[in-house]
Amino acid sequence: MLQLNHIKKSYDKKEVLSDVNYTFQEGNIYSLLAAAGAGRTTLFECICGDLTIDDGNIVIKEKQNIVFAAKQSILPMFISGKKFIHVVANLKNDKTNVEKYLLRVGLSKDKWNKLICDYSFEDKKRLQLAAFLSQKPYIIMFDEPFDYCDKEYIETFLNILEEEKEGHIIIVSTSLLSIARKIAKDILVLNSGEIYEIPENMIDVPEIANALSDILGEIEE
């Protein structure tokens, strides 16, 4: 369980999170939809402890690992992808052959020994996913790993998350409604500093669809 109780966070008197109140249950994948600047990254950084909150509290199981896979990948740039996963596996005393993880996430063999700085956006995200498979954190948060990406890459990524969700809380953010609907049936919307849950059967209700378009600032085709 991850419980967010009335979380508030401001920067220089500008309120970003005004009253985030939601409980995430393990074994689920959550789709967090929000426009640019709505506070997605701030929320993730508060959850993983990189930022202190101004008010409210965050409750999780004791001694559970939390990983935030940022949109701008925080990865060591000057080692190979294979070496990076070796390091991650060693830290967790994971004896699995790391090639198994790289194959599973779809990272082509010709890139295994290349420097991470030469990876594409999608390949860096594949590497983050491989690290998740080795680290097995209780909570994993992916910030916009899918927006404007290849369909096959998205399907592979989501299939792996679906297979691995048991015992984990997985939160994936996006600014695109079409992507949000691929991630999970129900959608969490972060807007005006609060989280709202929209069940699948309500998303296409005209009033709600129009409100989402206004929030996101565009109407997707």
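Anything mentioned here points back to the structure above.
Residues numbered from 1 in each chain as written. Predicted model: local features only at pLDDT ≥ 70, side-chain atom pairs only at ≥ 80, totals over all residues. Heavy atoms only, no water.

(A) Here's a closer look at the overall build of the protein chain. Looking only at helices and strands, the protein chain features seven helices and nine strands. Taken over C-alpha atoms, the radius of gyration comes to 18 Å for the protein chain, in line with the 17 Å a tight globule of 221 residues would show. Dimensions of the protein chain, computed from the C-alpha atoms along their principal axes, are close to 50 × 40 × 35 Å. Classification of the 221 residues of the protein chain by burial places 48% in the buried group. Of the contacts made within the protein chain by residues no fewer than 6 positions apart, 70% connect residues no fewer than 24 positions apart. (Helix = DSSP H or I, 4+ residues; strand = E, 2+ residues; numbered from the N terminus. Rg over C-alpha atoms; globule rule 2.2 N^0.38 Å. Buried < 20%, exposed > 50% of the residue type's maximum accessible area, 1.4 Å probe, protein only. Contact = heavy atoms within 4.5 Å.)

(B) Spatial organisation of the pattern of salt bridges. Enumeration over the complete set of coordinates arrives at twelve salt bridges. The shortest N-O distance in the salt bridge between Lys71 and Glu144 comes to 3.0 Å. Taken together, the residues span a long stretch of sequence, with Lys71 in the loop between strand E5 (66–69) and helix H2 (81–91) and Glu144 in the loop between strand E6 (139–143) and helix H5 (151–164) at a distance of 73 residues. Take Lys71: its relative accessible area is 33%, and that puts it in the partly exposed class. Using a relative accessible area of 7% as the deciding quantity, one classes Glu144 as buried. A salt bridge links Lys165 to Glu162; the nearest nitrogen and oxygen atoms lie 2.6 Å apart. For Lys165, a relative accessible area of 23% puts it in the partly exposed group. (Salt bridge = Lys/Arg side-chain N within 4 Å of Asp/Glu carboxyl O.)

(C) Examining unusual backbone geometry more closely. With a phi close to 50 degrees, Asp12 is a non-glycine residue in the positive phi region. Summarising the element assignment, Asp12 is placed in the loop between strand E1 (2–11) and strand E2 (14–24).

(D) Broad picture of the pairing of E5. Residues Ile66 and Phe68 line one face of E5 and the alternating positions Val67 and Ala69 line the opposite face, and both faces are buried. Summarising the sheet, E5 and E6 pair through four bridges and their orientation is parallel. Residue Ala69 lies in a different strand from E6, and its bridge partner there is Phe142. (Pairing = 2+ DSSP bridges.)

(E) Region of the structure containing H5. When the terminal C-alpha atoms of H5 are compared, their 20 Å separation across 14 residues agrees well with the 20 Å that a helix rising 1.5 Å per residue should span. All of the buried residues along H5 are Tyr153, Ile154, Phe157, Leu158, Ile160 and Leu161. In a view along the axis of H5, the buried residues occupy a sector of 160 degrees, so they form one face of it. Seen from the open side of H5, the exposed residues pointing more than 90 degrees away from its buried face are Lys151, Glu152 and Glu163. Buried residues along H5 sit in contact with strand E3 (28–33), helix H3 (98–104), helix H4 (121–135), E6, strand E7 (169–174) and helix H6 (177–183). Sitting at the head of H5, Asp150 places a side-chain oxygen 3.0 Å from the backbone nitrogen of Glu152. (Expected span 1.5 Å × (residues − 1). Arc of directions from axis to C-beta. Polar contact = N/O pair within 3.5 Å; in protein donor to acceptor, adjacent residues only side chain to side chain.)

(F) Looking closely at the state of the cysteines. Using the criterion set out here, one finds zero disulfides in the structure. This cysteine, Cys149, is not joined by any disulfide, and Cys117 carries the nearest cysteine sulfur, 19 Å off. (Disulfide = S-S within 2.5 Å.)

(G) View of the packing of aromatic side chains. This structure, assessed with the given rule, holds nine aromatic pairs. Residues Phe146 and Tyr153 carry aromatic rings whose centres are separated by 6.1 Å and whose planes lie at 75 degrees to one another, so their mutual orientation is edge-to-face. We note that Phe146, like Tyr153, is buried. Take Tyr153: its relative accessible area is 2%, and that puts it in the buried class. Three or more aromatic residues link up through ring pairs in this structure, and these residues are Phe132, Phe142, Phe146, Tyr153 and Phe157. (Phe/Tyr/Trp six-rings, centres within 6.5 Å; stacked < 30°, edge-to-face > 60°.)

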